[in-house]
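# Inside the fold
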Amino acid sequence: MENVFNETNFHFLLDGLYLTLMVAVATCVISIILGTFLAITRNYGGRIARTLAAIYIETFRNTPLLLWMLTAVFVLPSFFGRADPAVWGTIGFSLYTSSVMAEIIRGGLNSIPKGQFEAAYSQGFSQFFTLFYIILPQTFRKVIPSLLSQIITTFKDTSFLAGLQIAELTYQSKIILAQLTSFEEILLMIGVVASIYFVVCFSLSVLVRYLDKKTAYVG
């Protein structure tokens, strides 16, 4: 028990959780912004812009996440210089996740009646202001549960960074596990780490269900 529950392990896991949360938050913010741009471009851009957005989305959605993390960590520094591997991992993570966010947001855009555009244009709104002030607010209200579900997945997928020797929660726990000697201690540490992931993901799941019921009621 003392080999598992001690101050050193506590701080070690806390450092890993902090990096995990930072990567997850940064990835979600970047992905939602980039995903929104991609969704709008794919739906309302010119023919070339729509094609490029579609190629980006389909390429990333149909290839492994870990592949893009590896590419970002081992290839991008050759072009842009050295940085913390967690930064490059976050960039690769964001490039992949933005394609998923784009399809979620595009689904919301497609659910908005075309009459909304016509009504806005008749009032003198440009396409940009129609999208920004009328269409996007309704879109995000409709897709909040789906976005939050993807955020949960993003938090869990940060564990892929452990394979790149980046000190997030799973990697930190792996180091601790390597120092434990008994089967009981190993199981206990695995339970501790699983509990941390569970608490965060379950809390977000509760929020998803609440918002899903709320948006369904409003709709």
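Residues numbered from 1 in each chain as written. Predicted model: local features only at pLDDT ≥ 70, side-chain atom pairs only at ≥ 80, totals over all residues. Heavy atoms only, no water.

## Some points on helix 1 (residues 7–44)
- Given a rise of 1.5 Å per residue, 38 residues ought to cover 56 Å, and the 55 Å separating the end C-alpha atoms of helix 1 matches this to within 8%.
- The backbone nitrogen of Thr 8 has a side-chain oxygen 3.2 Å away, supplied by the residue at the start of helix 1, namely Asn 6. (Helix = DSSP H or I, 4+ residues; strand = E, 2+ residues; numbered from the N terminus. Expected span 1.5 Å × (residues − 1). Polar contact = N/O pair within 3.5 Å; in protein donor to acceptor, adjacent residues only side chain to side chain.)

## Digging into the packing of aromatic side chains
- Within this structure, the stated rule accounts for 11 aromatic pairs.
- Consider the rings of Tyr 56 and Phe 60, whose centres lie 4.5 Å apart with planes at 35°: the pair is tilted. Placement of both Tyr 56 and Phe 60 in helix 2 (residues 47–61) is noted, with a separation of four residues, approximately one turn of the helix. Accessibility assignment for this pair places Tyr 56 and Phe 60 in one class, buried.
- On the numbers, 5.9 Å between centres and 10° between planes, the contact of Phe 128 with Phe 132 is stacked. (Phe/Tyr/Trp six-rings, centres within 6.5 Å; stacked < 30°, edge-to-face > 60°. Buried < 20%, exposed > 50% of the residue type's maximum accessible area, 1.4 Å probe, protein only.)

## With respect to the packing of helix 1 against helix 8 (residues 169–179)
- With their axes 7 Å apart at the nearest point, helix 1 and helix 8 run at an angle of 155° to one another. As judged from the angle between their axes, helix 1 and helix 8 are roughly antiparallel. Residues Asn 9, Phe 12, Leu 13, Asp 15, Gly 16, Leu 17 and Thr 20 of helix 1 touch helix 8, and the partners they reach there are Leu 169, Gln 172, Ser 173, Ile 175 and Ile 176.
- Across the contact of helix 1 with helix 8, the residue classes tally to six nonpolar, five polar and one charged. (Axes fitted to C-alpha atoms, helices over the stretch in contact; angles between N-to-C directions. Parallel < 35°, antiparallel > 145°, perpendicular 65-115°, else oblique. Contact = heavy atoms within 4.5 Å. Nonpolar A, V, L, I, M, F, W, Y, C, P; charged D, E, K, R; others polar.)

## A few points about the environment of Tyr 18
- Note on placement: Tyr 18 falls in helix 1.
- Linking Tyr 18 and Ala 167, residues 149 residues apart in sequence, is a C-alpha distance of 9.9 Å.

## A look at unusual backbone geometry
- Its identity is not glycine, yet Gln 165 carries a phi of approximately 65°, on the positive side.
- The topology assignment puts Gln 165 in the loop between helix 7 (127–157) and helix 8.

## Let's talk about the state of the cysteines
- Tallying each qualifying case throughout the model produces zero disulfides.
- This cysteine, Cys 28, is not joined by any disulfide, and Cys 201 carries the nearest cysteine sulfur, 11 Å off. (Disulfide = S-S within 2.5 Å.)

## Some points on the pattern of salt bridges
- Applying the stated criterion to the full structure yields four salt bridges.
- In this structure, Glu 58 engages Arg 61 in a salt bridge whose closest nitrogen and oxygen atoms are separated by 3.6 Å. Here Glu 58 pairs with Arg 61, and both are found in helix 2, just three residues apart, close to one helical turn.
- Judged by relative accessible area, Glu 58 falls into the partly exposed class, the value being 29%.
- In this structure Arg 61 comes out as partly exposed when scored by relative accessible area, which is 37%.
- The shortest N-O distance in the salt bridge between Glu 103 and Arg 106 comes to 3.0 Å. Here Glu 103 and its partner Arg 106 are both found in helix 5 (residues 85–110), three residues apart, which amounts to about one turn of the helix. (Salt bridge = Lys/Arg side-chain N within 4 Å of Asp/Glu carboxyl O.)

## Things to note about the nonpolar core
- Judged by nonpolar contacts, the single largest core of 54 residues is most densely connected at Leu 13, Leu 109, Ile 135 and Met 189.
- Those elements giving two or more residues to this core turn out to be helix 1, helix 2, helix 3 (65–74), helix 5, helix 6 (115–122), helix 7, helix 8 and helix 9 (183–218).
- For Ile 135, the residues in contact, after removing those within four places along its chain, are Leu 109, Ile 112, Gln 116, Phe 117 and Thr 130. (Core = buried A, V, L, I, M, F, W, Y, C linked by side-chain atoms within 4.5 Å.)

## Quick notes on a nonpolar patch on the surface
- A surface patch of nonpolar side chains, about 720 Å² in accessible area, is lined by Leu 66, Leu 70, Phe 74, Val 75, Phe 79, Phe 80 and Phe 160.
- Contributions of two or more residues to the nonpolar patch are made by helix 3 and helix 4 (76–80).
- Sort the elements by how many residues they give to the nonpolar patch and helix 3 lands first, with three residues.
- Within the element layout of this structure, Val 75 appears in the loop between helix 3 and helix 4. (Patch = residues over 30% accessible without salt bridge, like charges linked within 9 Å, V, L, I, M, F, W, Y side chains within 5 Å. Areas by Shrake-Rupley, 256 points an atom, 1.4 Å probe, with all protein chains shown as cover.)

## A look at the UniProt feature "transmembrane region" (unreviewed entry) in the protein chain
- UniProt feature "transmembrane region" (unreviewed entry): in the numbering of this structure it lies at residues 16–41, 62–80 and 186–211.
- Helix makes up 79% of residues 62–80 and strand 0%, whereas the separation of the span's terminal C-alpha atoms amounts to 26 Å.
- Note that residues 186–211 is 100% helix and 0% strand, and that its end C-alpha atoms are spaced 38 Å apart. (UniProt positions renumbered as here; feature names shortened; annotations may be inferred.)

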